[in-house]
Amino acid sequence: MRGLALAETGFVFDPVSGFGYNLNLTAVTLLRKLQEGDSIEKILKFMREEYEADSNEMERDLEQFLNRLSDYGLLNWEKA
Amino acid sequence: MAARKYYSDLHVAVSGLHTGDNPQPGVAVIQSLREGGFRGRVVGLVYDAIEAGIWAGAADHVFQMPYPSEGSESFLSRLAYICERYPLAALIPTLDVEIMAYIRLAPQLTRLGIRTFLPTEEQFRLRAKTKLGELGARFGIRVPPSVNLSDPAMIRHLPGQMLFPVMVKGQFYEAFRANRLDEVLPHFNRIRSAWGLPVVIQQYLQGDEYNTVALGDGRGGCVGAVSMRKMLVTEKGKGFGGVVVQDPELDRFSRRIMKGLSWRGPLELEVLKAQQDGCYYLLEINPRFPAWVLLAARAGQNLPLAALRLAFGEKVRAFRSCRAGVFFVRHSVDITHDISLFGDLSSRGELCNIGGQTRPER
């Protein structure tokens, strides 16, 4: 994962491309966990404990988020 | 990097004080010097009394210069006159059209006691827009396909040489986009009458625009380099807002050019990260500091001050990094003064000890 600068407000700055993005609070939490090196499984476990939603739906949401980060070149990720 | 104390006794000349819709770099260069600790006096060299930086109080003294096209004699005698009033220790030219004149006048400038830190004539010629393809092939740098047109009759052959749209560029300034073949000729004529021949036709590529300011030591080394992504682009394609980036790939790209050219002095690279393949393409090399150079100083690399120190023959340690994420946005303000001050400058060709005189009226 690139050295993204993540602000409390949810603003993320990519120092390599110079682009900035706005994230909601959930995405900020997930991105922090990715930056800390947590595995996808660990993040999913955290989400199941923390959020009230269907487990499959959460998995799809996380996958979508990771895909988006990958599309923007912020993360090298491919579904196993 | 702090300027030495003795700078307080020196006069340094800087040109290019206009700050309109196509701002010249002089004001940003002066501001960088002062922020870096330069305590000497700045002599602004201007071509027009309306250059806004004069009235914003950028320089301590201002002298009107004859255009370089008027010949080196009048240029030199004006500089000699200025030196009688204020002995110039160094000169930082910031306009494309005058750089070559200063390169050629180097021996005479030395006799006047004026130091510069500029490329050689050969280095200067190598980076010309008309030679970009050659330079790309020589240094392994991607450049968009381009052709030099010395005759309007050559326009009809363009469709066999490149895809539309294309950029129609003057060898010094200006560029217009032509979406179709029939749009090329009007742009060609306009550029030919302003900047002469050849007119450069460059393949238009879609992507994100980046600019790099760098300072070469003249031996292939790079004293510093700061890149920014343009965040705000005017209709004329000028970056009026940008953010400092730190991309190792772009850094390598810039350093390869500096090394290949063995560039001495400041330059600006205009680069595009193409949407088609995600690669960097070199669009232009400008042989001077850009108008946004203050951003580099604020991001940790005061390149104008480093250039001044190199001009004085000091050893300058290369910058290792800069602070990504520093951004700038350019804004305009109205400055008011009494017309008599403008009259003083336009009739006498100089305005000295500006100090409070050009503090904007309230």
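Residues numbered from 1 in each chain as written. Chains lettered and ligands numbered in written order. Predicted model: local features only at pLDDT ≥ 70, side-chain atom pairs only at ≥ 80, totals over all residues. Heavy atoms only, no water.

K.L.:
How should the overall build of chain B be read in this particular structure?
P.N.:
For chain B, the helix and strand inventory stands at 13 helices and 15 strands. A compact globule built from 362 residues would reach a C-alpha radius of gyration of about 21 Å, and chain B, at 20 Å, matches this within 12%. Counting only C-alpha atoms, chain B reaches 60 × 45 × 45 Å along its principal axes. Burial status across chain B gives 54% buried among its 362 residues. Summarising the internal contacts of chain B: among those between residues at least 6 apart in sequence, 65% fall at separations of at least 24. Taken as a whole, chain B presents about 16400 Å² of accessible surface, with 49% of it coming from carbon and sulfur. (Helix = DSSP H or I, 4+ residues; strand = E, 2+ residues; numbered from the N terminus. Rg over C-alpha atoms; globule rule 2.2 N^0.38 Å. Buried < 20%, exposed > 50% of the residue type's maximum accessible area, 1.4 Å probe, protein only. Contact = heavy atoms within 4.5 Å. Areas by Shrake-Rupley, 256 points an atom, 1.4 Å probe, with all protein chains shown as cover.)

K.L.:
Help me out: how do you make sense of the overall build of chain A in this one?
P.N.:
Helix and strand content of chain A: three helices and three strands. Across chain A, helices and strands are ordered from the amino to the carboxyl terminus as β-β-β-α-α-α. For a compact globule of 80 residues, the expected C-alpha radius of gyration is about 12 Å, and chain A comes in at 12 Å, within 12% of that figure. For chain A, the spread of C-alpha atoms along the principal axes amounts to about 35 × 30 × 20 Å. A total of 80 residues make up chain A; the buried ones form 38% of that total. Considering only intrachain contacts with a sequence separation of at least 6, the fraction spanning at least 24 residues in chain A is 35%. Put simply, chain A shows about 5100 Å² of open surface, and 45% of that area lies on carbon and sulfur atoms.

K.L.:
What's the story with the interface of chain A and chain B in this structure? I'm lost.
P.N.:
Interface extent is often summarised as the accessible area lost during association of the parts. Contacts between chain A and chain B engage six residues on the former and 10 residues on the latter. Interface area, chain A with chain B, both sides summed: about 620 Å², of which 57% is carbon and sulfur. Of all residues in chain A, F13, V16 and F19 of chain A give up the largest surface area on contact with chain B, accounting jointly for 59% of the area buried on that side. For the interface between chain A and chain B, the tally reads zero salt bridges. Residue composition of the side of chain A that touches chain B, grouped by class: four nonpolar, two polar and no charged. (Buried area = accessible area lost by both parts, 1.4 Å probe. Salt bridge = Lys/Arg side-chain N within 4 Å of Asp/Glu carboxyl O. Nonpolar A, V, L, I, M, F, W, Y, C, P; charged D, E, K, R; others polar.)

K.L.:
Help me understand the environment of L4 of chain A in this model?
P.N.:
Residue and element names in this part refer to chain A. Topologically, L4 is positioned in the segment before β1 (5-6). Overall, L4 belongs to the buried group, its relative accessible area being 9%. Not counting the four nearest positions on each side in its chain, L4 is found in contact with V12, F13, D14, P15, L31, Q35 and L74.

K.L.:
Any chance you could explain the pairing of strand β9 (residues 207-217) of chain B here in plain terms?
P.N.:
In summary, the side chains of a regular strand alternate between the two faces of the sheet. Residue and element names in this part refer to chain B. Where burial is concerned, most of β9 is hidden: eight out of the 11 residues are buried. Pairing between β9 and strand β12 (residues 264-274): 11 bridges, direction antiparallel. Bridging across to β12, A214 finds its partner in L267. Where β9 lies against strand β10 (residues 222-233), seven bridges are found, and the strand directions are antiparallel. Paired with N211 across the strands is M228, a residue of β10. Between the end of β9 and the start of β10, which pair antiparallel, lie four residues, with G218 showing a positive phi angle near 90 degrees. (Pairing = 2+ DSSP bridges.)

K.L.:
I tried to follow helix α3 (residues 55-71) of chain A on my own but got confused; where do I start?
P.N.:
Three- or four-residue spacings in an α-helix give side chains the same orientation, since the helix completes a turn every 3.6 residues. Residues and elements named next belong to chain A. Taking 1.5 Å per residue as the helical rise, α3 with its 17 residues ought to reach 24 Å, and the 24 Å between its terminal C-alpha atoms agrees with that figure. If you follow the buried residues of α3, they end up packed against α1 (25-35) and α2 (40-50). Here α3 starts with a cap whose side-chain oxygen sits 3.2 Å from the backbone nitrogen of N56, and that cap is D54. Looking one or two residues beyond α3, the residue adopting positive phi is G73, at roughly 75 degrees. (Expected span 1.5 Å × (residues − 1). Polar contact = N/O pair within 3.5 Å; in protein donor to acceptor, adjacent residues only side chain to side chain.)

K.L.:
Would you take a moment to explain the nonpolar core for this structure?
P.N.:
It is characteristic of soluble globular proteins that their nonpolar side chains tend to be buried jointly. All names here are of chain B. If you look at the biggest cluster of nonpolar residues, it comprises 54 residues, and the most contacted ones within it are V14, L33, V213, L215, F289 and L308. No other element matches the seven residues that helix α12 (residues 303-311) contributes to this core. Each of domain 1 (5-116 + 333-358) and domain 3 (206-329) contributes no fewer than three residues to this core. With near-sequence residues (within four places) excluded, L33 lies in contact with V12, V14, F38, I92, P304, L305 and L308. By size, the runner-up hydrophobic cluster in this structure holds 25 residues, among which are L79, M100, I103 and I114. (Core = buried A, V, L, I, M, F, W, Y, C linked by side-chain atoms within 4.5 Å. Domains from an automatic or database assignment.)

K.L.:
Explanation requested: the packing of helix α1 (residues 26-35) of chain B against α12 of chain B in the structure shown.
P.N.:
Geometrically, a packed helix pair is captured by the angle between its two axes and the distance between the axes. Residue and element names in this part refer to chain B. Taken N-terminus to C-terminus, the directions of α1 and α12 make an angle of 80 degrees; their axes are 7 Å apart at the nearest point. When the axis of α1 is compared with that of α12, the two are roughly perpendicular. Taken together, the residues of α12 that come into contact with α1 (itself represented by V29, S32 and L33) are P304, L305 and L308. In terms of residue class, the contact of α1 with α12 is built from five nonpolar, one polar and no charged. (Axes fitted to C-alpha atoms, helices over the stretch in contact; angles between N-to-C directions. Parallel < 35°, antiparallel > 145°, perpendicular 65-115°, else oblique.)

K.L.:
I would appreciate a short explanation of the domain arrangement of chain B in the present structure.
P.N.:
When the domains of chain B are assigned, the result is domain 1 (5-116 + 333-358), domain 2 (145-202) and domain 3 (206-329). Taking only C-alpha atoms into account, the centre of domain 2 of chain B sits 27 Å from that of domain 3 of chain B.

K.L.:
Which parts of the structure should I look at to understand the packing of aromatic side chains?
P.N.:
Residues and elements named next belong to chain B. A full pass over the atoms with the stated rule returns 11 aromatic pairs over all chains. Centroid distance F63 to Y81: 6.3 Å. Interplanar angle 75 degrees. Geometry classified as edge-to-face. A residue pair is termed long-range when its members are at least 10 positions apart, and F63 in strand β3 (residues 61-64) and Y81 in helix α3 (residues 72-85) qualify at 18 residues. Y81 gets classed as partly exposed once you look at its relative accessible area, which sits at 30%. On the basis of an interplanar angle of 70 degrees and a centroid distance of 6.2 Å, the ring pair of F63 and Y86 is categorised as edge-to-face. Linking F63 in strand β3 with Y86 in the loop between α3 and β4 (88-92), this pair joins segments that are 23 residues apart in sequence. The residues F63 and Y86 share a single accessibility class, namely buried. Taken together, the aromatic side chains of F63, Y81 and Y86 make up a single cluster linked through ring pairs. (Phe/Tyr/Trp six-rings, centres within 6.5 Å; stacked < 30°, edge-to-face > 60°.)

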